[in-house]
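One-letter residues, chain by chain:
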Protein chains: 2
Amino acid sequence: MSLSNNTIERICRIYGYLEYLEKNNIEYASSKEFAGIVGTTDYSVRKDISSLGLTGFSRRGYAVKLLKDQLGEKLKLSRTIKTCIVGLGKLGTAILDYESFRDDGFNMVAGFDSSINKIERIHTPIEVFPVGQLEDIVKQRSIELGIIAVPPVAAQDIADKLIKGGVKGILNFSPVRIAVPEEIVLHNMDFTAALRFVAARF
Amino acid sequence: MSLSNNTIERICRIYGYLEYLEKNNIEYASSKEFAGIVGTTDYSVRKDISSLGLTGFSRRGYAVKLLKDQLGEKLKLSRTIKTCIVGLGKLGTAILDYESFRDDGFNMVAGFDSSINKIERIHTPIEVFPVGQLEDIVKQRSIELGIIAVPPVAAQDIADKLIKGGVKGILNFSPVRIAVPEEIVLHNMDFTAALRFVAARF
DNA sequence: TTAGTTTAGTGAAAATATTCACTAAATAAT
DNA sequence: ATTATTTAGTGAATATTTTCACTAAACTAA
Ligand SMILES: NC(=O)c1ccc[n+]([C@@H]2O[C@H](COP(=O)([O-])OP(=O)(O)OC[C@H]3O[C@@H](n4cnc5c(N)ncnc54)[C@H](O)[C@@H]3O)[C@@H](O)[C@H]2O)c1
Ligand SMILES: NC(=O)c1ccc[n+]([C@@H]2O[C@H](COP(=O)([O-])OP(=O)(O)OC[C@H]3O[C@@H](n4cnc5c(N)ncnc54)[C@H](O)[C@@H]3O)[C@@H](O)[C@H]2O)c1
């Protein structure tokens, strides 16, 4: 019962929508509605959900709160995941300060930068450290997920350090390919590739 | 000869890598090398490239400059694409100031925000306008691609205005589903979904 | 009660995507 | 000159994903 990346991606989007529905006290939603949200068909949504062994209700659809909890359970999203960000430049500070991540279950517990100047000037409730302490802090605080927002040249080095510290996954915003061992989950957010992906389909 | 989204996505990533190779005066690269970059197999890369009617050279691979130009031609990426950003908050200003986009063929020609205060305070070589002028400026300057970095509640309204102004595609950073007509290309950059996509595969 | 409607569940069919197995070309090595 | 090696090109086989067609359940309305 291994899930395809497409299924995981769709479920993650649905999960976000379920949170929204829950906040708005909506109790049921149909596969068709989810399909609209993630841009697929109701068949696919039902297949995705049932492939996790979860079920809905005839004529009412899926129970929002129940499904959210069950999906969270299955995909290990309901627990809070300790996260850090490396590179506190323009993009990094935007991410550092983005408060919704906490609601979404990602607890930003540290920021790192190589510039002491920057670290001293930064004004945020989150603790920030010089990059030299990266590995230690990641270990100490059991940080599971690292976000990379350093210039491309530094990205591989930072990834290596995050991995030594023990992170299980990396979200990389720098536009370079990073090499990681098998067991580490890597996902790239390549803005330029995304812009091209749009422009290529005009 | 319509390309799948997977193919387009891979080609966009390869295109970025070709730019890097070109800058470093590397003349040839193999399908295997591209496969490593985009995380697929050499077979798939060759299929992708040949599905566009493009070819390489036995025993040398693909000619970097030639392939880049040809892919650029086929996917309409070689021309410069006029782009604007709406919402000049933390994320929006980071994107506004990100200079690599220009090298990558995206010319940021305008920024918009609803806060006059913000517009007056912003310090950037790119022209910024109150959001009331959005539709007109997009028309006047023939902006083809709009980036949305406003709070979720405003996202649909901004999308509607961008479309009225005539953009062909939208890159949406707000974590909500936006409705657009068939002919408009929409792509969502949902950071939370990306974090979840990583965490779900730990 | 009965007929109609909505929506989930699901095996089968169809469509799509990937991988394989093989050919051919170019070059290097012996 | 011959053999070996590397790498692209590609039709066929395989695998995966999506869609379809149908069933069943739950509820509504007549
Ligand atoms: N700003 C954007 O909109 C944008 C868009 C797409 C991609 N990116 C990518 O995101 C990354 C960050 O972009 P940015 O605009 O914030 O750049 P930036 O220059 O504003 O910030 C980079 C930060 O990284 C720090 N840094 C440099 N080397 C480091 C190291 N070895 N360890 C720790 N910190 C280090 C710098 O001190 C700086 O604070 C870059 O890779 C960039 O290509 C940015
Ligand atoms: N900061 C992040 O790291 C981050 C991460 C993920 C998603 N996002 C999303 O990106 C968007 C922007 O985030 P941010 O952190 O930059 O927020 P922000 O509050 O810093 O900036 C939002 C900006 O939009 C402007 N704005 C509000 N309504 C507008 C309207 N109708 N027209 C034009 N401008 C308007 C505001 O004046 C402000 O400058 C949000 O949707 C947010 O959810 C941000």
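Our structure is the block above this text.
Summarised in this report is the structure supplied together with it. Note that the coordinates shown come from a computational prediction; the quantities given were computed from them, not determined experimentally.

Around DNA strand C sit 20 residues, and of these Ser31, Thr55, Gly56 and Tyr62 of chain A together with Lys47 of chain B come closest. Close to the protein, within 4 Å, the atoms of DNA strand C belong to sugar or phosphate groups at a rate of 67%. In the model, a base oxygen of DNA strand C is placed 2.6 Å from a nitrogen or oxygen of the Lys47 of chain B side chain. A distance of 3.4 Å separates a base nitrogen of DNA strand C from a polar side-chain atom of Ser58 of chain B. Breaking the surface near DNA strand C down by element, the ones donating at least two residues are helix H3 (42-51) of chain A together with helix H1 (5-23) and helix H3 (42-51) of chain B.

With that settled, consider the sheet that holds strand S5 (residues 128-130) of chain B. In any sheet, the strands associate via hydrogen bonds between backbone groups, in a parallel or an antiparallel arrangement. Spatial ordering of the open sheet is given by S5-S4-S3-S6-S7-S8 (chain B), a layout of six strands whose pairing is parallel. Of all strands in the sheet, those bounded by a partner on one side alone are S5 and strand S8 (185-188) of chain B. With strand direction ignored, the average angle separating the axes of adjacent strands in the sheet is 20 degrees. Here four bridges tie strand S3 (residues 81-86) of chain B to strand S6 (residues 145-148) of chain B, and the two strands are oriented parallel to one another. When the sheet's bridge partners are listed, Val86 of chain B is paired in S6 of chain B with Ile148 of chain B. Relative to strand S7 (residues 169-172) of chain B, helix H10 (residues 191-199) of chain A is tilted by about 150 degrees, and along the sheet it contacts S3, strand S4 (106-113), S6, S7 and S8 of chain B. Packing against the sheet, helix H9 (residues 152-165) of chain B makes contact with S3, S6 and S7 of chain B, and its axis sits at approximately 170 degrees to S6 of chain B.

The environment of DNA strand D is formed by 21 residues, the closest being Lys47 of chain A together with Ser31, Thr55, Gly56 and Tyr62 of chain B. Of all DNA strand D atoms lying within 4 Å of any protein atom, the proportion belonging to sugar or phosphate reaches 68%. At 3.0 Å from a phosphate oxygen of DNA strand D is found a side-chain nitrogen or oxygen belonging to Arg10 of chain A. Lys47 of chain B is positioned such that a nitrogen or oxygen atom in its side chain is 2.9 Å from a base oxygen of DNA strand D. Sorting the residues of the surface near DNA strand D by element identifies helix H1 (5-23) and H3 of chain A together with H3 of chain B as the ones contributing at least two each. By residue class, the composition of the surface near DNA strand D is three nonpolar, 11 polar and seven charged.

Turning to the sheet that holds strand S8 (residues 185-188) of chain A, a few remarks are in order. Residues and elements named next belong to chain A. The strand order across the open sheet built from six strands is S5-S4-S3-S6-S7-S8, with neighbouring strands paired in parallel fashion. Two strands close off the open sheet at either side, each with one partner strand: strand S5 (128-130) and S8. Looking at each pair of strands side by side, their axes are set apart by 20 degrees on average, direction ignored.

Conventions used here
Residues numbered from 1 in each chain as written. Chains lettered and ligands numbered in written order. Predicted model: local features only at pLDDT ≥ 70, side-chain atom pairs only at ≥ 80, totals over all residues. Heavy atoms only, no water. Near = heavy atom within 4 Å. Polar contact = N/O pair within 3.5 Å; in protein donor to acceptor, adjacent residues only side chain to side chain. Helix = DSSP H or I, 4+ residues; strand = E, 2+ residues; numbered from the N terminus. Pairing = 2+ DSSP bridges. Axes fitted to C-alpha atoms, helices over the stretch in contact; angles between N-to-C directions. Contact = heavy atoms within 4.5 Å. Nonpolar A, V, L, I, M, F, W, Y, C, P; charged D, E, K, R; others polar.

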